[in-house]
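# Architecture and fold: a report
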Amino acid sequence: MKKKILIVDDEESIVTLLKYNIEQAGYETEVAYNGAEAFEKAAAQTFDLIVLDLMLPEVEGVEVCKRLRQRRIETPILMLTAKDEEFDKVFGLEIGADDYMTKPFSPREVTARIKAILRRIDKKESSGKEELLTVKDLEIYPAQYEAAIKGEWLTLTPKEFELLLYLARNLGRVLSRNQLLQYVWNYDFAGDTRIVDVHVSHLREKIEPVTKKPAYIKTVRGLGYKMEDPSKYE
């Protein structure tokens, strides 16, 4: 079955161009021309990826992204921005976008980025074969994208979950910020590692008994982060 892409942009010429090239690449497409229509379609139908413009009438792209993640709709999102638009890539990815591109772009570049995102998702799904990963009181269910601490389910964004899972799968191993960027976000941020620090901070707030004295996610000064099993020190 063909994967289905939702294309969201208020410029008809861009929608037409993207629709043609994405369909030529072997995908089915659906289109929306404003944020309200995009949210309605994304909430009612199942898509494999959403190409979402930042500046939209009625509801802006960032708000659409936030609302979808709040509804636990985890469809990958490729955000489109214009060169003269103020867009903090860290903020955009923090609220749940998987990647972003700056206009103008070539249609071939967009389809290549779509393929890369979908390959990464497929790879992670196929690698999530273990039913349960446990680190002391922390339980992680890879196939379900869910985790619990002391029996209480955690509310995690997709990226928070992927970061938590990667740290747990590499228990005791120091991982650099660039390694975490490459695996979780699969994108070259030219040395901008703030997004990792922001997500680690959010995870600590959710899993650590004492946030300022982390027992699970340790900072290794000058190197990065590692997850440890607090049971070792009891």
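As shown above, the structure is provided for reference.
Presented here is an overview of the structure given in this document. (Residues numbered from 1 in each chain as written. Predicted model: local features only at pLDDT ≥ 70, side-chain atom pairs only at ≥ 80, totals over all residues. Heavy atoms only, no water.)

## Some details on the overall build of the protein
When helices and strands are counted, the protein shows 8 helices and 12 strands. For the protein, with 234 residues in total, the buried portion stands at 49%. Considering only intrachain contacts with a sequence separation of at least 6, the fraction spanning at least 24 residues in the protein is 57%. (Helix = DSSP H or I, 4+ residues; strand = E, 2+ residues; numbered from the N terminus. Buried < 20%, exposed > 50% of the residue type's maximum accessible area, 1.4 Å probe, protein only. Contact = heavy atoms within 4.5 Å.)

## Some remarks on the pairing of strand β4 (residues 77-82)
For β4, a buried count of 6 out of 6 residues is recorded, marking the element as mostly surrounded by other parts of the structure. Side chains of β4 alternate between two faces, with I77, M79 and T81 and L78, L80 and A82 buried alike. Taken together, the 4 bridges between strand β3 (residues 49-53) and β4 define a ladder with parallel strand orientation. Paired with D53 across the two strands is L80, which belongs to β4. In this fold, the crossover linking β3 to β4 by way of helix α3 (residues 61-70) has right-handed handedness. In the sheet, β4 pairs with strand β5 (residues 99-103) via 5 bridges, with the strands oriented parallel. By the bridge assignment for β5, L80 is matched with M101. (Pairing = 2+ DSSP bridges. Right-handed = clockwise from strand over helix to strand, strands pointing away.)

## Some words on unusual backbone geometry
Of note, the bond from K103 into P104 is cis; its omega dihedral lies within 30 degrees of zero at -5°. Structurally, P104 is set in the loop between β5 and α5 (107-127). One non-glycine residue with positive phi stands out, namely E58, at about 75°. Residue placement: E58 occurs in the loop between β3 and α3. Classification of E58 by relative accessible area gives exposed; the value is 64%. Of note, K136 is a non-glycine position whose phi angle comes to about 50°, a positive value. As for its position among the elements, K136 is in the loop between β6 (133-135) and β7 (138-141). Relative accessible area serves as the criterion here: at 30%, K136 is assigned to the partly exposed category.

## A closer look at the nonpolar core
Counting 29 residues, the largest nonpolar core has L138, I140, L164 and I217 as the members making the most contacts within it. The element that contributes the greatest number of residues to this core is helix α6 (residues 158-169), accounting for 7 residues. Not counting residues within four places of it along the chain, the set of residues in contact with L138 comprises L133, A148, I149, L154, L164, I207, Y216 and M227. Counting 21 residues, the second-largest nonpolar core is a separate cluster that includes A32, F39, L52 and I73. (Core = buried A, V, L, I, M, F, W, Y, C linked by side-chain atoms within 4.5 Å.)

## Regarding the pattern of salt bridges
Summed over all chains, the structure comprises 12 salt bridges. A salt bridge links K206 to E160, with the shortest nitrogen-to-oxygen separation between them at 2.7 Å. One end of the pair, K206, is in helix α8 (residues 194-207); the other, E160, is in helix α6, and 46 residues separate them in sequence. Judged by its relative accessible area of 32%, K206 falls in the partly exposed class. Look at E160 and you get buried, because its relative accessible area is 4%. Note that E228 and K226 form a salt bridge whose closest N and O atoms lie 2.8 Å from each other. An identical accessibility class is assigned to E228 and K226; each is buried. Through salt bridges with shared partners, a single network forms among D9, D53 and K103. (Salt bridge = Lys/Arg side-chain N within 4 Å of Asp/Glu carboxyl O.)

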